[in-house]
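Per-entry structural report
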Amino acid sequence: MAHVVIGGGTGFIGRRLAKTLLAEGCEVTTISRMPGVNHISWHELEKDGLPNGTTAVVNLAGQNVLDPTRRWTPGFKQNVWNSRINTTAACARAIERATIKPSVFVNISGVSHYASGTHKHTEASKVSEYDFMSRLCIEWEKAAELSDNSICRVVRIRSGVVLGRDGGMIRSLIVPFWFGLGGPIGDGSHDLPWIHVQDICNLIFFAIEKPEVNGVLNGVAPQLVTNADFTKAFSSALFRPAFFPLPLFAVHLIFGQERAVLLTNGSKVIPQRALEYGFRFQYPDLQSACKEVAHLF
């Protein structure tokens, strides 16, 4: 039986992943700041290492970048950085120190280091450092590197926007859209790389279970969409109109221009390697994904 240790497993993706893994017969331990059954703290990880019998490590940890209640201050930016880089590095150190290595380390990062534009990005595409978010993604992946002689596989999943009712973008949008106050951001023409929360969890389990899987996987659905496409699909799933676009200046005012790019500048990303490995998406199209998450309660 696999014993999977999840860093940052108390968020909505982590909770869904734990549920998925338990349904598959895995044992799950969560690393978090919160005490609980089958939980360890980050301090305990540094002090005592991985629990005995750990066969896989997954890191999902990271401060919510798009928390509208938090101003984009230097201190918050540092929290966003440290919560990703430091936790990933802590997992890597624990793996390196383990007497019996886990078989795989799965680290989740983002797609912000793919440039926006008309080019379709696969896992082989060049990534570049051009702003805070792209630098974060690059350093995030570097933090997951293990020594050259490590026998532990490393899988880096570059995740798009995760659609799930219990958190992230959907939880922020469900109420205004429910009351008919939703709409696109700006003109809605920018790309929106996305994936349903169950598919990102299934992809993580796929990476754990398949020993041939390694390196980078784009954790995005195969259907390329824009923000306008999402607005139409989500409002239709809720049977609501969506006539109220959110002006770009308002997005910049709420979030600050440096992090507003996550909402206003997307890229065309396709999951080429995941498909080549034979992974099957449960929600490959936006309509089915929105239908699954479009419920107020």
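Residues numbered from 1 in each chain as written. Predicted model: local features only at pLDDT ≥ 70, side-chain atom pairs only at ≥ 80, totals over all residues. Heavy atoms only, no water.

**Focus on the pattern of salt bridges**
So the rule is basically this: In what follows, salt bridge is the name for a side-chain nitrogen of Lys or Arg lying within 4 Å of a carboxyl oxygen of Asp or Glu. Exposure categories follow from relative accessible area, calculated using a 1.4 Å probe and restricted to protein chains: below 20% of the type maximum is buried, above 50% is exposed, and the middle band is partly exposed. In this description a helix means any DSSP run of H or I spanning at least four residues, a strand means any run of E spanning at least two, and both kinds are numbered starting from the N terminus.
In total, this model carries seven salt bridges according to the counting rule given. Notably, a salt bridge pairs Asp-48 with Lys-47, separated by 3.3 Å at the nearest N-O pair. Comparing Asp-48 with Lys-47 shows no difference in burial state: the two are exposed. Salt-bridge contacts for Glu-141 lead to Arg-158; the nearest nitrogen and oxygen are separated by 2.6 Å. Residue Glu-141 is located in helix H4 (residues 132-143), and its partner Arg-158 is located in strand E7 (residues 153-159); the two are separated by 17 residues in the primary sequence.

**Here we look at the packing of aromatic side chains**
Short version of the rule: Stacked, tilted and edge-to-face are the three classes applied to pairs of Phe, Tyr and Trp rings, where Trp contributes its six-membered ring and a pair requires centres within 6.5 Å; stacked means planes under 30 degrees apart, edge-to-face means over 60, and tilted covers the rest.
Applying the stated criterion to the full structure yields seven aromatic pairs. On the numbers, 5.1 Å between centres and 55° between planes, the contact of Phe-177 with Phe-234 is tilted. Of this pair, Phe-177 sits in helix H5 (residues 168-178) while Phe-234 sits in helix H7 (residues 227-237); the two residues are 57 residues apart in sequence, bridging distant segments of the chain. Taken individually, Phe-177 and Phe-234 each receive the classification buried, so the pair is uniform in this respect. Clustering of aromatic rings is evident, with ring pairs tying together Trp-72, Phe-76, Trp-81 and Phe-132.

**Some details on the pairing of strand E4 (residues 56-59)**
Along any regular strand the residues' side chains alternate between the sheet's two faces. Put simply, the rule is: For two strands to count as paired, DSSP must find a minimum of two bridges between them. If the strands point away from the viewer and the path from the first strand over the helix to the second runs clockwise, then the crossover is right-handed.
The alternating pattern of E4 places Ala-56 and Val-58 and Val-57 and Asn-59 on opposite faces, both of which are buried. With four bridges connecting them, E4 and strand E5 (residues 104-109) associate as parallel partners. Bridged to Ala-56 within E5 is Val-104. At this point the chain moves from E4, through helix H3 (residues 74-97), to the parallel E5, and the crossover so formed is right-handed.

**Here's the deal with the nonpolar core**
Most often, soluble globular proteins keep nonpolar side chains buried together rather than apart. How we decide: Grouping buried Ala, Val, Leu, Ile, Met, Phe, Trp, Tyr and Cys residues that are joined through side-chain atoms within 4.5 Å yields what is termed a nonpolar core. Note on definitions: a residue-residue contact is assigned when non-hydrogen atoms from the two residues lie within 4.5 Å.
One finds Val-4, Leu-21, Val-106, Ile-157, Ile-204 and Ile-208 to be the most contacted residues of the largest nonpolar core, which totals 34 residues. Of all the secondary structure elements, the ones that give two or more residues to this core are strand E1 (3-7), helix H1 (12-23), E4, E5, E7 and helix H6 (197-209). Ranked by residues supplied to this core, first place goes to H6 with nine residues. Residues contacting Val-4, with those up to four places away along its chain left out, are Leu-21, Cys-26, Glu-27, Val-28, Thr-29, Ala-56, Val-58 and Ile-208. Within the second largest apolar cluster, 21 residues are counted, among which are Ile-170, Ala-221, Cys-290 and Leu-296.

**Comments concerning the sheet that holds strand E3 (residues 39-40)**
Strand pairing in a sheet takes place through backbone hydrogen bonds and is either antiparallel or parallel in direction. Here is the rule: Interaxial angle, 0 to 180 degrees, is taken between N-to-C directions of lines fitted to C-alpha atoms, where a helix line uses only the stretch in contact.
Taking strand neighbours across the sheet as the criterion, the seven strands line up as E3-E2-E1-E4-E5-E7-E10 in an open arrangement whose pairing is parallel. Two strands bound the open sheet, and with one partner strand each, they are E3 and strand E10 (215-219). The pairing of E5 with E7 spans six bridges and is parallel. Residue pairing for E7: Ser-109 is matched across the bridge by Arg-158. Relative to E7, H6 is tilted by about 165°, and along the sheet it contacts E1, E4, E5, E7 and E10.

**Things to note about H7**
Buried within H7 are the following residues: Asn-227, Phe-230, Thr-231, Ala-233, Phe-234 and Ser-235. Phi for Phe-239, located one or two positions after H7, is positive at around 55°.

**Regarding the side chain of His-121**
Looking at the secondary structure, you find His-121 in strand E6 (residues 120-121). Taking relative accessible area as the criterion, His-121 reaches 5% and is therefore assigned buried. Other than its neighbours up to four places away in sequence, His-121 contacts Tyr-114, Ala-115, Asn-218, Ser-267, Lys-268, Val-269 and Ile-270.

**Quick look at the environment of Gly-266**
Along the chain, Gly-266 falls in the loop between helix H9 (257-264) and strand E11 (268-269). In the structure, Gly-266 is positioned 155 residues away from Val-111 in sequence and 8.7 Å away in space, judged by C-alpha atoms. Residues in contact with Gly-266, not counting those within four places in the same chain, are Ser-116, Gly-117, His-190, Asp-191 and Pro-193.

**Some words on H5**
What sets the pattern is the α-helix's 3.6 residues per turn: residues three or four places apart point alike. How we decide: For this quantity, the arc is that covered by the directions from the helix axis to the C-beta atoms.
Those residues of H5 that sit buried are Met-169, Ile-170, Ile-174 and Phe-177. The arc that holds every buried residue of H5, seen down its axis, measures 125°, which confines them to one face. Looking at the buried positions of H5, the neighbouring elements they touch are strand E8 (161-163), H7 and helix H11 (286-293). A positive phi of about 75° marks Gly-180, the residue just after H5.

**Digging into the environment of Gly-8**
Structurally, the position occupied by Gly-8 is in the loop between E1 and H1. Separated by 22 residues in sequence, Gly-8 and Thr-30 place their C-alpha atoms 7.0 Å apart. If we skip the residues at most four places from it in the chain, Gly-8 touches Gly-14, Ile-31, Trp-42, Leu-60 and Ala-61.

**Considering the side chain of Ser-159**
Tracing the chain through its elements places Ser-159 in strand E7. Among the residues examined, Ser-159 registers a relative accessible area of 9% and is labelled buried. The residues touching Ser-159, leaving out its near neighbours within four places in the chain, are Ile-108, Ser-109, Gly-110, Val-111, Ile-195, Ile-200 and Gly-219.

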